[in-house]
Amino acid sequence: MPDTLTRAAVAAMVDHTLLKPEATPADVAALIAEADELGVHAVCVSPSMLPLRAGGRKIAVVAGFPSGKHHSLVKGSEARLAEQQGADEVDMVIDVGAAVAGDYNAVLADILTVRGGLTDATVLKVILETAALSDEAIVECCLAAERAGANFVKTSTGFHPAGGATTSAVRLMAQTVGGRLGVKASGGIRTADAARAMLEAGATRLGLSGTRAVLDGFPD
């Protein structure tokens, strides 16, 4: 990573996100317009907002969000429908309770079901909810995601009371996947300093809702 991250370089790693339950179609239209202005990689929205046009940006949606307590077949169907309606990327939530219980085979099966519902062209990100997991569970879930054919592991939904992304979790995830998968840091990243710390820890993608404020802290 270069010593000085530019605004454009950071923007190219951002999923500009709007997942509030009260979001309206007008809010999503505003999100897309802002995404185009900021030059971000993707917009990330709820699947019920599809289909939509994202002005040349990638479209990411969530599945099994935010609890992860949906049946795997429901998550898989949700992901497949999203792909059919134009999603380029799917961010799925694992069954966090299975991970807490140490049932990593269940975590693997859950991810496999969602991956199996998508074509290879669609990027799958696996949300671990790291603030609720031990280091051992984070490592095992990263390995399960890799075995299942995911493209990214991701820290958080941003909705869990335990918290969002931390540099320690991102560093552990990056060390575990060793560059074979991407690492998305999301949840509570509101400043340029916080974003810089996540990238330095090994994040290759950032999930941000206050994207403009974060990017304003990086030089042109």
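The structure under discussion appears in the preceding block.
What counts and what doesn't
- Residues numbered from 1 in each chain as written.
- Predicted model: local features only at pLDDT ≥ 70, side-chain atom pairs only at ≥ 80, totals over all residues.
- Heavy atoms only, no water.
- 1 Å grid on protein atoms, 1.4 Å probe; cavity = no way out; pocket = protein on both sides within 12 Å on 5 of 7 lines; lining within 4 Å.
- Points joined across faces, edges and corners; volume = space filled by probe spheres on them.
- Nonpolar A, V, L, I, M, F, W, Y, C, P; charged D, E, K, R; others polar.
- Pairing = 2+ DSSP bridges.
- Helix = DSSP H or I, 4+ residues; strand = E, 2+ residues; numbered from the N terminus.
- Axes fitted to C-alpha atoms, helices over the stretch in contact; angles between N-to-C directions.
- Buried < 20%, exposed > 50% of the residue type's maximum accessible area, 1.4 Å probe, protein only.
- Parallel < 35°, antiparallel > 145°, perpendicular 65-115°, else oblique.
- Left-handed = near helix turned anticlockwise from the far one by under 90°.
- Contact = heavy atoms within 4.5 Å.
- Phe/Tyr/Trp six-rings, centres within 6.5 Å; stacked < 30°, edge-to-face > 60°.

**Examining the layout of surface pockets**
So, point 1. Taken as a whole, the largest pocket spans an internal volume of roughly 480 Å³.
So, point 2. Thr157, Gly158, Gly187, Gly188 and Ser209 are the residues nearest the centre of the largest pocket, which is lined by 24 residues in total.
So, point 3. Of the residues belonging to the lining of the largest pocket, the class tally is seven nonpolar, 13 polar and four charged.

**Concerning the sheet that holds strand β1 (residues 14-18)**
So, point 1. Spatially, the eight strands close up into a barrel ordered β1-β2-β3-β4-β5-β6-β7-β8, and their pairing is parallel. Adjacent strand axes in the sheet meet at a mean angle of 25°, parallel and antiparallel pairs treated alike.
So, point 2. One ladder, built from three bridges, connects strand β6 (residues 152-154) with strand β7 (residues 182-186); its direction is parallel. Each residue of the ladder has a partner; that of Phe152, found in β7, is Gly182.

**Thoughts on unusual backbone geometry**
So, point 1. In this structure, Pro51 follows Leu50 across a cis peptide bond, with omega equal to -5°.
So, point 2. Counting through the fold element by element, Pro51 comes out in the loop between β2 (42-45) and β3 (58-63).
So, point 3. At the junction of Phe65 and Pro66, the peptide bond is cis and its omega measures out at -5° in the coordinates.
So, point 4. Along the chain, Pro66 falls in the loop between β3 and α3 (72-84).

**Some points on the pairing of β1**
So, point 1. Most of β1 is tucked away, with five of its five residues classed as buried.
So, point 2. Where burial is concerned, the two faces of β1 agree: the one with Val14, His16 and Leu18 and the one with Asp15 and Thr17 are both buried.
So, point 3. Bridge count for β1 against strand β8 (residues 205-208) is three bridges, and the pairing is parallel. Each bridged residue has a counterpart across the sheet, and for Val14 the counterpart in β8 is Leu206.

**A look at the packing of α3 against helix α5 (residues 104-116)**
So, point 1. Closest axis-to-axis distance for the α3/α5 pair is 8 Å, and the angle between their directions is 30°. Taken together, the axes of α3 and α5 lie roughly parallel to each other. Seen from above, α3 lies across α5 with right-handed handedness. Of the residues in α5, those touching α3 at Ser72, Leu73, Lys75, Gly76 and Ala79 are Asp110, Thr113 and Val114.
So, point 2. Class assignment for the residues of the contact of α3 with α5 results in three nonpolar, three polar and two charged.

**Comments concerning helix α8 (residues 192-201)**
So, point 1. Where α8 is concerned, the buried positions are Ala192, Ala195, Met198, Leu199 and Ala201.
So, point 2. Summarising the contacts, the buried residues of α8 are in contact with α1 (7-11), α7 (167-177), β7, β8 and α9 (211-215).
So, point 3. Downstream of α8 by one or two residues, Gly202 has phi in the positive range, about 125°.

**Side note on the packing of aromatic side chains**
So, point 1. Tallied over the full model, the rule gives one aromatic pair.
So, point 2. Arranged with centres 5.2 Å apart and planes meeting at 85°, the rings of Phe65 and Phe159 form a pair that is edge-to-face. Of this pair, Phe65 sits in the loop between β3 and α3 while Phe159 sits in the loop between β6 and α7, and the two are 94 residues apart along the sequence.
So, point 3. According to the relative accessible area criterion, Phe65 is buried, its value standing at 17%.
So, point 4. Owing to a relative accessible area of 41%, Phe159 belongs among the partly exposed residues under this scheme.

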